[in-house]
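Listed below are the residues making up each chain.
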Amino acid sequence: MTGVLPSQRIRDLMQSGAITATTDYVDGQIQPASLDLRLGTVAYRVRASFLAGEGRTVADRLSEFEMHRVDLTNGAVLEKGCVYVVPLMESLALPDGIQAVANAKSSTGRLDLLTRTITDGGVEFDRIALGYTGPLYAEICPRSFSVLVRPGMRLNQIRFRAGQAVLSDDELRTLHADTPLVNGEAVIDDGLGFSVDLAPASGTLVGYRAKPHTGVIDLDLLNHYDPSEYWEEVHTKDRKIILDPGAFYILVSREAVTIPPMQAAEMAPYLAMVGEFRVHYAGFFDPGFGHADAGGQGSRGVLEVRCHEAPFVLEHGQVVGRLVYEQMEALPDQLYGREIKSNYQGQGLKLSKHFRA
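It should be emphasised that the depicted structure is a prediction, and the values quoted were computed from it without experimental measurement.

Now, about the packing of aromatic side chains: what can you tell me, with residues and values included?
What the rule picks out here adds up to nine aromatic pairs. Measuring from centroid to centroid gives 6.3 Å for Tyr 225 and Phe 355, while their planes differ by 55°, and the two rings are tilted. Highlighted residues: Tyr 225 in the loop between strand E17 (217-218) and strand E18 (231-235) and Phe 355 in the segment after strand E26 (319-327), separated in sequence by 130 residues. Here Tyr 225 matches Phe 355 in class, with each residue buried. Seen in terms of ring centroids, Tyr 230 and Phe 355 are 5.6 Å apart; in terms of plane orientation they differ by 65°. Their pairing is edge-to-face. You can see Tyr 230 sitting in the loop between E17 and E18 and its partner Phe 355 sitting in the segment after E26, a full 125 residues away along the chain. A residue is classified by how much of its surface remains accessible, and Phe 355, at 5% relative accessible area, is buried. Taken together, the aromatic side chains of Phe 145, Tyr 225, Tyr 230, Trp 231, Phe 248 and Phe 355 make up a single cluster linked through ring pairs.

So, the pairing of strand E20 (residues 248-257): which residues are in play, and what are the values?
For E20, the buried fraction is high: nine of the ten residues fall into the buried class. As judged from the seven bridges shared by E20 and strand E24 (residues 299-307), these two strands associate in the antiparallel manner. By the bridge assignment for E24, Ala 256 is matched with Arg 300.

How would you explain the nonpolar core if you had to name every residue and give the values?
With 51 residues, the main nonpolar core has Phe 160 and Trp 231 as its most contacted residues. A total of four residues in this core trace back to one element, the largest contributor, which is strand E7 (residues 83-93). For Phe 160, the residues in contact, after removing those within four places along its chain, are Gly 3, Val 4, Leu 5, Ile 10, Leu 13, Ile 19, Leu 35, Leu 92, Leu 94, Ile 98, Gln 99 and Ala 100. Within the second largest apolar cluster, 34 residues are counted, among which are Leu 167, Leu 172, Leu 192 and Ala 247.

So, the pairing of strand E25 (residues 312-315): which residues are in play, and what are the values?
Residue alternation in E25 divides its side chains into a buried set, Phe 312 and Leu 314, and an unburied set, Val 313 and Glu 315. Pairing analysis gives four bridges linking strand E19 (residues 240-243) to E25, with the strands arranged antiparallel. Following the sheet pairing, Ile 242 is matched in E25 by Val 313.

Residues and numbers for unusual backbone geometry, please.
Positioned with a positive phi, Asp 190 is a non-glycine residue whose angle comes to about 60°. Note on placement: Asp 190 falls in the loop between strand E14 (187-188) and strand E15 (192-195). Of note, Asn 223 is a non-glycine position whose phi angle comes to about 50°, a positive value. By the secondary structure assignment, Asn 223 is in the loop between E17 and E18.

Outline the pattern of salt bridges, listing residues and values.
Summed over all chains, the structure comprises 22 salt bridges. With a closest N to O distance of 3.0 Å, Arg 116 and Glu 139 form a salt bridge. Here the residue Arg 116 occupies a position in strand E9 (residues 113-119), and Glu 139 occupies one in strand E11 (residues 133-142), the gap between them amounting to 23 residues. By relative accessible area, Glu 139 is classed as buried at 2%. A salt bridge links Arg 150 to Asp 220, with the shortest nitrogen-to-oxygen separation between them at 2.9 Å. One end of the pair, Arg 150, is in the loop between strand E12 (147-149) and strand E13 (156-162); the other, Asp 220, is in the loop between E17 and E18, with 70 residues separating them in the sequence. Looking at Arg 150, the relative accessible area reads 24%, which means it is partly exposed.

Summarise the environment of Leu 13; cite the residues concerned and give the values.
In this fold, Leu 13 is placed in helix H1 (residues 7-16). Owing to a relative accessible area of 4%, Leu 13 belongs among the buried residues under this scheme. Among all residues touching Leu 13, those that are not within four sequence positions of it are Leu 5, Ala 18, Ile 19, Pro 95 and Phe 160.

Lay out the environment of Gln 29 with the relevant residues and their values.
Mapped onto the elements, Gln 29 comes out in the loop between strand E2 (19-21) and strand E3 (35-37). What makes Gln 29 buried here is its relative accessible area of 1%. Remark: the alpha-carbon pair of Gln 29 and Gln 157, spanning 128 residues in sequence, is separated by 9.1 Å. For Gln 29, the residues in contact, after removing those within four places along its chain, are Ser 34, Leu 35, Asp 36, Arg 38, Glu 90 and Arg 154.

Explain helix H4 (residues 169-178) residue by residue, including any values.
Within the sequence span of H4, burial applies to Leu 172, Leu 175 and His 176. Buried residues of H4 fall within an arc of 100° about the axis and therefore sit on the same side. Along H4, exposed side chains directed more than 90 degrees from the buried face belong to Asp 170, Thr 174, Ala 177 and Asp 178.

Let's hear about the sheet that holds E17: which residues, and what values?
The three strands lie next to each other as E6-E12-E17, forming an open sheet whose pairing is mixed. Two strands bound the open sheet, and with one partner strand each, they are strand E6 (76-78) and E17. Relative to E12, E6 runs antiparallel, the two being bridged by three bridges. Opposite Ala 76, over in E12, you have Val 149 as the bridge partner.

Rules and cut-offs
Residues numbered from 1 in each chain as written. Predicted model: local features only at pLDDT ≥ 70, side-chain atom pairs only at ≥ 80, totals over all residues. Heavy atoms only, no water. Phe/Tyr/Trp six-rings, centres within 6.5 Å; stacked < 30°, edge-to-face > 60°. Helix = DSSP H or I, 4+ residues; strand = E, 2+ residues; numbered from the N terminus. Buried < 20%, exposed > 50% of the residue type's maximum accessible area, 1.4 Å probe, protein only. Pairing = 2+ DSSP bridges. Core = buried A, V, L, I, M, F, W, Y, C linked by side-chain atoms within 4.5 Å. Contact = heavy atoms within 4.5 Å. Salt bridge = Lys/Arg side-chain N within 4 Å of Asp/Glu carboxyl O. Arc of directions from axis to C-beta.

Structure below.
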C-alpha cells in the first residue's frame, strides 16, 4: 500500500515502537492524518538556526551554538526574535519504506511562530528520511509575539507516508470533477492554486496586521486575548492593499476549499517568486477539512503573509499559493471536524484560537 498513513496506522506505529514518547500520549494528539508533537522540558537558546548535517547529531551542533538553557517545567517565555531548539517528547524508529514530513500547526502559524522540525543527520527542515531512527527537535523562532510555553505543548505535527502519494495535476482534475475541491473554477498547475480575498461580501475588513510591540501570549489560554491589543485591522474599499516590508498579515483565501476523506493536503508556495512577499505554509489540511460530510461546506484557507524587502501591492484574486493533495493509504477512522474537535472547520477570516472572536 502507498499513501499518507491514516490515524489508525499511526496508532499501529505507536504500538509497534516505531513511535515512542517519554511520557504517556494524550487525548487528541492523533489527528486524521498526522500526530501532534509535544515540547519537552528544556529549550536551548542558540545563536542561529541550523541543520545537523550528514553524519552529525543535533546534540553535536547544540554544543557549538548553545547560548543558554531555559527550563520549561514551570513555564517560560520564548522571546520574540530569538531562536530556540527544544527536544520533543516523541522519537522515531521508522520501518523501512516509511518516511515523514513535519509542519507547524495552524494556530502556531497564525501567531507567526516559526516552528520547524530538525533531526540527527538532517539536511532539510521538516523532512524525516526513510527509516529514520532517532530523536526529534523543534526549532522555534517567535517572529511577531513573545510566547509562554510549557512541556507538552503541541506546536508542530508530523505526517507519515509510504511511497509516492502526491496527486498529479491530471488526478487532481479528475478528483475535482467528481468532488469539487473549490467553490469555483479550479486553477490546477503543480497543485491546486488559491488566491487572496480582498473584496469581502460585506464590510471592508480583509485582514489583520501584527502590532510591533505587544505583551506575551500564553499558549494555554484560548479565546482569551483582546485582538485589538495584538492586531491592527486591515481595511480596503478598492480591492487591494499595500504590504509593508517586515510586517506580518493574516488574510484569507477567496476560495472555499474541500479536502475529501481519502485525501490530505499541504499548503506550499505557489512560485519561487510571486512578488515581494511570502505566504507561510503552516499546518496540514486533514481529510474532511471543509467537506460536507464532516460538517464543512468548504472552508477558506487562512493565509499567513510576510512582506520582504520592498512594499508590495496585493490585489484581489491574485494567486498566492497552492495546495498539494496527497492520497491516503486508507480511510481514516476519524475525520477533521466530525469525530474530533476542530477549531477551524467552516472558517473564514480568523485569528488563532487564543483570541476572542
